[in-house]
Amino acid sequence: MSRAAIAAALLAACALGGCASTGAGSGSFAMASSGGSTVTFESIDGPPPLVFDRMVGVLDRESKLRNLAIVSREGSASYRVRSYLSAQVVRGRTMIAWVWDVYDANQQRALRLSGEEPAGKPGRDAWSAADDMVLRKIAQAGLSGLSAMINGGPAEAPPAPGPARRGPAVASMEPGPAALGYSTQ
């Protein structure tokens, strides 16, 4: 089963389970956002199924904290996100690189968010170092950039690194061609 099919199945299960309600205690992906914009994740490519499932849960929790409406990909959404994650070992430490390509309703790329998150020492598999903290940092950085674009404000700066911090997750934010005033067609 492809990652896209898995994502569709998870989002469909969420919608069928009452997740499309806007109630505060519903455990939903779909919530009211300040600007009425909605977001759907078309794909989360790269991670193995267990990491994928955890990432979906982290995105759900983090989107609720930002009142960002994430809806099923079967419906219409103001923005569509295609996400890519990769785990690589560099000098004995795992790095999780990520990219979010954000498309507007006209299927024009509006924004590219990307970063690299240190994940510690790998076990037998580099993905084993992708714990919930690492996934949360990726979700927070991506959703902060996405919220800033939707709400027209600057991206939230990540907290300053402290003794227990591993550093910021956002490496860059690139506007898409449509935001720069030209088209790729």
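A brief report on the enclosed structure follows. Predicted model only: the values in this text are computed from it and were never measured. (Residues numbered from 1 in each chain as written. Predicted model: local features only at pLDDT ≥ 70, side-chain atom pairs only at ≥ 80, totals over all residues. Heavy atoms only, no water.)

### Examining the side chain of Asp 101
Now for step 1: Following the sequence through the fold, Asp 101 ends up in strand β4 (residues 93–103).
Now for step 2: Residue Asp 101 is classed as buried on the basis of its relative accessible area of 3%.
Now for step 3: Reaching out from Asp 101, the side chain makes a polar contact with the side chain of Arg 112 at a distance of 2.6 Å.
Now for step 4: Look past the residues within four positions of Asp 101 in its chain and what remains in contact with it is Arg 80, Val 81, Arg 82, Tyr 84, Arg 109, Leu 111 and Arg 112. (Helix = DSSP H or I, 4+ residues; strand = E, 2+ residues; numbered from the N terminus. Buried < 20%, exposed > 50% of the residue type's maximum accessible area, 1.4 Å probe, protein only. Polar contact = N/O pair within 3.5 Å; in protein donor to acceptor, adjacent residues only side chain to side chain. Contact = heavy atoms within 4.5 Å.)

### A word on the pattern of salt bridges
Now for step 1: What the rule picks out here adds up to nine salt bridges.
Now for step 2: Among the ionic pairs, Asp 132 bridges to Arg 54, the shortest N-O distance being 2.8 Å. Of this pair, Asp 132 sits in helix α3 (residues 132–151) while Arg 54 sits in helix α2 (residues 49–65), and the two are 78 residues apart along the sequence.
Now for step 3: Classification of Asp 132 by relative accessible area gives partly exposed; the value is 40%.
Now for step 4: Linked by salt bridges that have partners in common, Glu 42, Arg 80 and Arg 82 make up one network. (Salt bridge = Lys/Arg side-chain N within 4 Å of Asp/Glu carboxyl O.)

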